[in-house]
Amino acid sequence: MIDFRPILFVIGILLTTLAIVMVVPGVADFAAGHTEDAFVFAASAAITLFVGVGLILTNRMARFEIRLNEAFVLTTLSWLVIACFAALPLAFSGLNLSLTDAFFEAMSGVTTTGSTVITGLDYAAPGLLLWRALLQWLGGIGIIVMALAVLPMLRVGGMQLFRMESSDTTEKVFPRTAQIASGIGVIYLLLTAVCATALWFSGMTGFEAVTHAMTTIATGGFSTSDASIGHFGSATIDAIVTVFMILGALPFVLYLQAVRGNSARLFKDSQVLWFLSIVATAVAVMTVWLSAGGEPVLRAFRYASFNVISMITGTGYSTAAFDLWGGFAVAALFFLMVVGGCAGSTTCGIKIFRFQVIYATARRQILRLTQPHGVFIAYYNKRPITEEVASSVMGFFFLFALSFSMLSLGLGLLGLDFLTSVSGAASAIANVGPGLGPVIGPGGNFAALPDAAKWLLSFGMLLGRLELYTVLVLFAPSFWRG
């Protein structure tokens with residue numbers, strides 16, 4: 001049987017932390033004269049703190065231990081509960097959001113998806129804008145820790161390639177997790193500070209610089225304006241955000257190793273080299289495409305580089321209506337949307353390493369067909385790929401395609417058109433943010449969708465962020481039977 005006491009204890013700690021963070025936007029609203037919004041944050045923080053402390057006090061254990069099946073439940077339940085309580089300030093704010101819209105916005109924030117149902121961001125209270133940015137920033141660091149410590153232990157989607165220790169027991173993994181998380185947390189904070197400083201010197205206000213730095217490093221994409229980064233109309237700001245989106249898409253554990261003196265790993269890692277090669281190729285091709293359409297070369301490069309990198313990293317910022325760039329551009333951006341960045345980063349999607357594993361496995365199979373008596377081994381980062389990892393990755397590809405198809409069909413059944421259904425499903429399960437087309441494209445948002453579609457997309461965001469297996473295994477009756 002699953003012991004829920006350690007699960008509820010950890011969730012209590014997370015909710016207590018969330019309550020403390022809620023104070024920050026409340027103070028921002030109070031300082032700006034939005035006393036009513038400040039009260040909303042104070043009340044929401046009090047409710048969250050009460051529940052969090054209550055869970056901690058009622059579920060204390062003499063010996064803290066989380067087994068494998070409990071880790072699955074904890075991972076999914078923690079993201080779900082945090083989204084529910086994070087929605088409280090949104091639901092009771094002056095925006096008059098429905099429960100559905102508030103939950104959708106909160107889930108989009110903590111999963112760093114970036115899809116939004118809010119219009120009029122340019123006139124929204126500062127506390128609300130800061131809260132959205134904080135959700136993505138906290139979600140980003142949570143995703144990194146999960147990808148480095150929890151998912152390899154759970155052996156989902158080939159993530160066991162990134163195991164930190166030879167042993168998978170939680171007693172040994174958790175102390176190691178704490179050490180790595182603290183180091184990565186410092187790097188995460190420093191990158192955010194550097195990004196904020198650069199944006200401030202480039203023309204943003206201090207508040208805009210801080211909020212956009214948080215959502216850029218987290219590759220989340222929430223902005224303080226309905227027009228996203230395009231609101232500023234600055235090539236310098238575009239360049240800074242582009243650089244930090246790339247930095248957010250690289251494995252943070254390699255930054256930690258670089259700080260400790262092993263900087264060569266960052267430039268020799270095959271996943272990093274593949275990612276940068278794909279980005280460079282896509283930017284070059286898109287620049288040529290836009291130039292052929294009559295756009296000046298420099299402007300074409302600026303728009304292509306920013307929006308291509310925004311889509312492949314799953315950030316979801318936009319500086320142009322890229323869904324109007326023509327059929328080829330839309331198809332290319334749709335593909336990049338699901339590719340994603342590197343494992344161990346804040347990015348989304350299928351992840352580069354899985355394409356590497358599939359490529360190496362397919363290449364080995366082709367060589368076997370051409371040379372039946374040969375012995376061929378598939379490698380990732382100069383290490384042999386085990387059959388367990390290869391089958392796990394192939395299973396992930398199948399589940400990704402199946403989940404995407406089910407989400408698309410579900411949205412279609414709710415009356416959405418083909419482009420909205422397909423791109424909406426892709427943006428949710430790949431945690432990208434904007435879709436394609438006039439409704440949910442870079443010029444629109446998700447407010448016009450029916451409530452049922454928003455709940456379906458919220459499930460898709462959770463499914464994609466937790467690497468599919470982690471959520472879907474909970475629906476297997478055998479899981480609960482032990």
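Residues numbered from 1 in each chain as written. Predicted model: local features only at pLDDT ≥ 70, side-chain atom pairs only at ≥ 80, totals over all residues. Heavy atoms only, no water.

Draft legend 1. Seen up close, the overall build of the protein. Looking only at helices and strands, one finds 19 helices and two strands in the protein. Its C-alpha atoms give the protein a radius of gyration of 22 Å, near enough to 23 Å, the size a compact globule of 482 residues would have. With respect to the principal axes defined by its C-alpha atoms, the protein has extents near 75 × 70 × 55 Å. The proportion of buried residues among the 482 residues of the protein is 57%. Long-range contacts, defined here as pairs at least 24 residues apart, represent 72% of the contacts in the protein between residues at least 6 apart. Carbon and sulfur atoms make up 70% of the accessible area of the protein, which amounts to about 19,800 Å² in all. Distance between charge centroids for the protein: 15 Å, based on 24 positive and 23 negative side chains. (Helix = DSSP H or I, 4+ residues; strand = E, 2+ residues; numbered from the N terminus. Rg over C-alpha atoms; globule rule 2.2 N^0.38 Å. Buried < 20%, exposed > 50% of the residue type's maximum accessible area, 1.4 Å probe, protein only. Contact = heavy atoms within 4.5 Å. Areas by Shrake-Rupley, 256 points an atom, 1.4 Å probe, with all protein chains shown as cover. Lys, Arg positive; Asp, Glu negative; His and termini not counted. Charge placed at Lys NZ, Arg CZ, Asp CG, Glu CD.)

Draft legend 2. The arrangement of the pattern of salt bridges in detail. A full pass over the atoms with the stated rule returns ten salt bridges. Close ionic contact of R5 with D3 constitutes a salt bridge, the shortest N to O distance being 3.0 Å. By relative accessible area, which is 21% here, D3 ends up partly exposed. Note that E295 is salt-bridged to R299, the shortest N-O span being 3.5 Å. For R299, a relative accessible area of 44% translates into the label partly exposed. Overlapping salt bridges, with partners in common, bring together K351, R354 and E467 in one network. (Salt bridge = Lys/Arg side-chain N within 4 Å of Asp/Glu carboxyl O.)

Draft legend 3. Representation of helix α11 (residues 270-292) within the structure. With 23 residues, α11 extends 33 Å between its outermost C-alpha atoms, agreeing within 8% with the 33 Å of an ideal straight helix rising 1.5 Å per residue. By the burial criterion, the buried members of α11 are S270, Q271, V272, F275, V279, A282, V283, M286, T287 and L290. Near the N-terminus of α11, the side chain that reaches the backbone nitrogen of Q271, with its oxygen 3.0 Å away, is that of D269. Immediately beyond the C-terminal end of α11, within one or two residues, lies G294, with a positive phi of roughly 105°. (Expected span 1.5 Å × (residues − 1). Polar contact = N/O pair within 3.5 Å; in protein donor to acceptor, adjacent residues only side chain to side chain.)

Draft legend 4. Structural view of unusual backbone geometry. Even without being a glycine, R155 presents a positive backbone phi close to 60°. With respect to the helices, strands and loops of the structure, R155 is situated in the loop between α5 (126-154) and α6 (170-201).

Draft legend 5. Structural context of the nonpolar core. Within the largest apolar cluster, 153 residues are counted, with the highest numbers of intra-cluster contacts made by L18, W131, F252, F275 and F353. Examining the composition of this core, we find that 18 residues originate from one element, α5, more than from any other. (Core = buried A, V, L, I, M, F, W, Y, C linked by side-chain atoms within 4.5 Å.)

Draft legend 6. Representation of the packing of helix α13 (residues 327-339) against helix α16 (residues 418-429) in the model. Contact geometry of α13 with α16 gives a least axis separation of 9 Å together with a crossing angle of 30°. With respect to α16, the axis of α13 lies roughly parallel. Regarding α13 and α16, the two cross each other, and that crossing is left-handed. Within the contact between the two elements, α13 uses F334, M337 and V338 and α16 uses V422, S423, A426 and S427. Considering only residue class, the contact of α13 with α16 consists of five nonpolar, two polar and no charged. (Axes fitted to C-alpha atoms, helices over the stretch in contact; angles between N-to-C directions. Parallel < 35°, antiparallel > 145°, perpendicular 65-115°, else oblique. Left-handed = near helix turned anticlockwise from the far one by under 90°. Nonpolar A, V, L, I, M, F, W, Y, C, P; charged D, E, K, R; others polar.)

Draft legend 7. Region of interest: the confidence of the model for the protein. Across the protein, the average pLDDT comes to 90, with 97% of residues at or above 70. The low-confidence segment residues 165-173, where pLDDT is below 50, has 15 contacts with residues more than four positions distant or belonging to other chains. (pLDDT = per-residue confidence, 0-100.)

Draft legend 8. Seen up close, α5. With 29 residues, α5 ought to run about 42 Å at 1.5 Å a step, and its terminal C-alpha atoms sit 39 Å apart, in line with that. Residue M146 marks the point of greatest curvature in α5, where the axis turns by about 45°. Summarising burial for α5: 26 of the 29 residues are buried, a large majority. (Bend = angle between axes of the 7 residues up to and from the residue.)

Draft legend 9. Spatial organisation of a nonpolar patch on the surface. The grouping of F398, L402, M406 and L409 at the surface amounts to a nonpolar patch, some 420 Å² of accessible area in total. Tracing the chain through its elements places F398 in helix α15 (residues 387-413). (Patch = residues over 30% accessible without salt bridge, like charges linked within 9 Å, V, L, I, M, F, W, Y side chains within 5 Å.)

Draft legend 10. Representation of the packing of helix α3 (residues 68-91) against helix α4 (residues 99-110) in the model. With their axes 8 Å apart at the nearest point, α3 and α4 run at an angle of 125° to one another. Of the possible angle classes, the one that applies to α3 and α4 is oblique. Relative to α4, α3 is oriented so that their crossing is right-handed. Residues W79, L80, I82, A83, C84, A86, A87, L90 and A91 of α3 form the contact with α4, whose own contacting residues are A102, F103, E105, A106, M107 and V110. Tallied by class, residues from the contact of α3 with α4 come to 14 nonpolar, no polar and one charged.

Draft legend 11. Layout of the packing of aromatic side chains. Taken as a whole and assessed by the stated rule, the structure comprises 20 aromatic pairs. Look at W200 and F201: their rings are 5.5 Å apart centre to centre, the planes differ by 45°, and that puts the pair in the tilted class. Of the two residues, W200 and F201, both sit in the exposed class. Here the aromatic rings of F322 and W325 are separated by 6.4 Å at their centres, their planes lie at 70°, and the arrangement is edge-to-face. Given a relative accessible area of 16%, W325 falls into the buried group. (Phe/Tyr/Trp six-rings, centres within 6.5 Å; stacked < 30°, edge-to-face > 60°.)

Draft legend 12. How the structure looks around the state of the cysteines. Within the structure shown, the criterion is met by zero disulfides. Sulfur of C348: no disulfide; nearest cysteine sulfur belongs to C342 and is 12 Å away. Overall, C348 belongs to the buried group, its relative accessible area being 1%. (Disulfide = S-S within 2.5 Å.)

Draft legend 13. Here's a closer look at the side chain of H212. The topology assignment puts H212 in helix α7 (residues 206-217). With relative accessibility at 0%, the residue H212 sits in the buried group. For H212, the contacting residues outside a window of four places in its chain are L199, M204, S223, T224, I229, F232 and Y317.

Draft legend 14. Region of interest: the environment of I118. If you trace the backbone, I118 turns up in the loop between α4 and α5. Along the primary structure I118 and D101 are separated by 17 residues, whereas in three dimensions their C-alpha atoms are 8.5 Å apart. Those residues in contact with I118 that sit more than four places away from it in its chain are L95, L97, E105, L128, R132, D226 and N445.

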